[in-house]
Amino acid sequence: MTSTVRKHLAMALGAAALFATVVAAGAQPAGPLPMEQLRQDTEAIHALGVSGVQARVIAPDGRQSVATSGTADLNTGRPVPSDGYFRMASTSKTLVATVILQLEAEGRLSLDETADHWLPGVVRGNVNDGGRITIRQLLQHTSGIHDHLPGYTTPEEYYLQRHDVHGPEQLVARAMAHAPDFPPGEGWEYSNTGYVLLGMIIQKATGHPTHQEIEDRILRPLGLDQTRWMGTSPTLPRPHAQAYQLFGPGSRVDVTDQIPVDYENLSFVTTTRDENGFLRALLAGRLLPARQLAEMKQTVPVSAEVQQLWPGGRYGLGLVERPLSCGGTYWSHEGGDGGYVTLNGVTDDGRRSVVVSMSEARGDTPEHILAQENAASVLIDHALCAGGHSNP
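Residues numbered from 1 in each chain as written. Predicted model: local features only at pLDDT ≥ 70, side-chain atom pairs only at ≥ 80, totals over all residues. Heavy atoms only, no water.

## Brief notes about the nonpolar core
Thinking step 1. Counting 60 residues, the largest nonpolar core has I135, L139, L282 and M296 as the members making the most contacts within it.
Thinking step 2. For this core, the element with the most residues is helix 9 (residues 192-206), which contributes 8 residues.
Thinking step 3. Apart from residues lying up to four places away in sequence, L282 is in contact with T94, T98, L287, L288, L293, M296 and L319.
Thinking step 4. Within the second largest apolar cluster, 23 residues are counted, among which are L38, V53, A55 and V354. (Core = buried A, V, L, I, M, F, W, Y, C linked by side-chain atoms within 4.5 Å. Buried < 20%, exposed > 50% of the residue type's maximum accessible area, 1.4 Å probe, protein only. Helix = DSSP H or I, 4+ residues; strand = E, 2+ residues; numbered from the N terminus. Contact = heavy atoms within 4.5 Å.)

Written out as structure tokens, the structure is:
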């Protein structure tokens, strides 16, 4: 969830009751077989006006169900590739959090160490105090650091800003120009800037850029060769669907060509196959010792505003816990940036997972935003509540 997406989501809070109603009504198992249900749910997202949709479910027995809908290119009408790349966006926060917890397991840092311990003098000014903010608070969005990343809300802003390059120090400085949202540990507010700082801490602790640690510690060991760090490249590997942003009636813009604002952490591209693979390995305990995975799953309530968007949702250390209509909860971390909006979910044991990636962000009205989020959430719920059933 980048600053641009957060601006769009903030517009939707007035329609929060609609969100709860849609999820409650739509999440009840409807009877179709899982593959048929997946096709129906993918088509339902496309029917909202979302240009392209791809979804992949992996069942406990390892069999995969894949569905696509819409088009990858509004100019040519070519179909959505089932293995298309998309920008990972804020789902990469879970990658960052995993590396931090691996470093803790190795004794190379402590979650109770402060930002000042690793980055002396960086979190300063306007009552910001890095000596009071811990790594755990950065991971859990309880640091109070105000988020002020650049973002575009109009086509004109997109064309002006799409190739701007911002270093992590510049992004942190933007946040330091503002007073904290609350004292450290006394609230919850989503802060991309907190994860910029975590990336800087990883580099300080290891001597390597965060993306290299992610590649060495997670991607290569798991064989996730379709997840790649693109740096300041404004393009994606092929195949991929073009990404669109709806700014208003008659203002649907192809926003595929852009450099992610926090390119150090958010320039990862991936596929539904790889994103499923990462989440399944994480929850199955293949990336973290039991103690660190348990720490990751220690959650706190999110802010009242976000609670309206994620009914029953709670935030751990780079992981979101959300309830299932069939009982229990699932783990996820959605991502939205540069026209791509992706929701995902994995059961607590890591055995059943789903990823749905949409190649259009309908961010012009609260109703559009909520409808897209709701329809994707319903798809996730249906897929994870399908039990042990799967289709080849």
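## Re the sheet that holds strand 3 (residues 86-87)
Thinking step 1. Pairing in this open sheet of 3 strands is antiparallel, and the strands run 3-9-6 from one edge to the other. For this open sheet the edge positions go to strand 3 and strand 6 (228-229), each flanked by a neighbour on one side alone.
Thinking step 2. Here strand 3 runs beside strand 9 (residues 268-270); their pairing, made up of 2 bridges, is antiparallel. By the bridge assignment for strand 9, R87 is matched with V269. (Pairing = 2+ DSSP bridges.)

## Let's talk about the sheet that holds strand 8 (residues 252-254)
Thinking step 1. Strand order in the open sheet made by the 3 strands is 8-7-17, with mixed pairing throughout. On the outer flanks of this sheet lie strand 8 and strand 17 (360-362), each paired with one strand and no other. Averaged over all adjacent pairs, the angle separating strand axes in this sheet is 15°, with direction ignored.
Thinking step 2. In this structure, strand 7 (residues 244-246) lies alongside strand 8, joined through 3 bridges in antiparallel fashion. Residue pairing in the sheet places L246 in a bridge with R252 of strand 8.
Thinking step 3. In the packing of helix 15 (residues 366-384) onto the sheet, the strands contacted are strand 7 and strand 17, and the crossing angle to strand 17 comes to about 130°. (Axes fitted to C-alpha atoms, helices over the stretch in contact; angles between N-to-C directions.)

## Overview of unusual backbone geometry
Thinking step 1. R238 connects to P239 through a cis peptide bond whose omega is 5°.
Thinking step 2. Here P239 is to be found in the loop between strand 6 and strand 7.
Thinking step 3. Here the phi dihedral of A89 falls at roughly 55°; this positive angle occurs in a residue that is not glycine.
Thinking step 4. Structurally, the position occupied by A89 is in the loop between strand 3 and helix 4 (92-105).

## Remarks on the pattern of salt bridges
Thinking step 1. If you walk through the whole model with that rule in mind, you get 16 salt bridges.
Thinking step 2. Salt-bridge contacts for D129 lead to R124; the nearest nitrogen and oxygen are separated by 3.1 Å.
Thinking step 3. The network of salt bridges with shared partners includes E106, R108, E213 and R217. (Salt bridge = Lys/Arg side-chain N within 4 Å of Asp/Glu carboxyl O.)

## A word on the packing of helix 8 (residues 168-176) against helix 9
Thinking step 1. Remark: helix 8 packs on helix 9, axes separated minimally by 10 Å, with the N-to-C direction vectors making an angle of 140°. One finds that helix 8 runs oblique with respect to helix 9. Of the two elements, helix 8 crosses helix 9, and the hand of that crossing is left-handed. Residues P168, E169, L171, V172 and A175 of helix 8 form the contact with helix 9, whose own contacting residues are T193, V196, L197 and M200. (Parallel < 35°, antiparallel > 145°, perpendicular 65-115°, else oblique. Left-handed = near helix turned anticlockwise from the far one by under 90°.)

## Points about the pairing of strand 15 (residues 340-347)
Thinking step 1. The element strand 15 is largely enclosed, with a buried count of 8 among its 8 residues.
Thinking step 2. Burial along strand 15 is two-sided: the face carrying Y340, T342, N344 and V346 and the face carrying V341, L343, G345 and T347 are both buried.
Thinking step 3. Sheet topology note: the strand 13 (residues 329-332)/strand 15 ladder contains 2 bridges and is antiparallel. Looking across to strand 15, one finds that W331 is bridged to V346.
Thinking step 4. Direction of pairing for strand 14 (residues 335-337) relative to strand 15: antiparallel, over a ladder of 3 bridges. The partner of G335 across the bridge, within strand 15, is T342.

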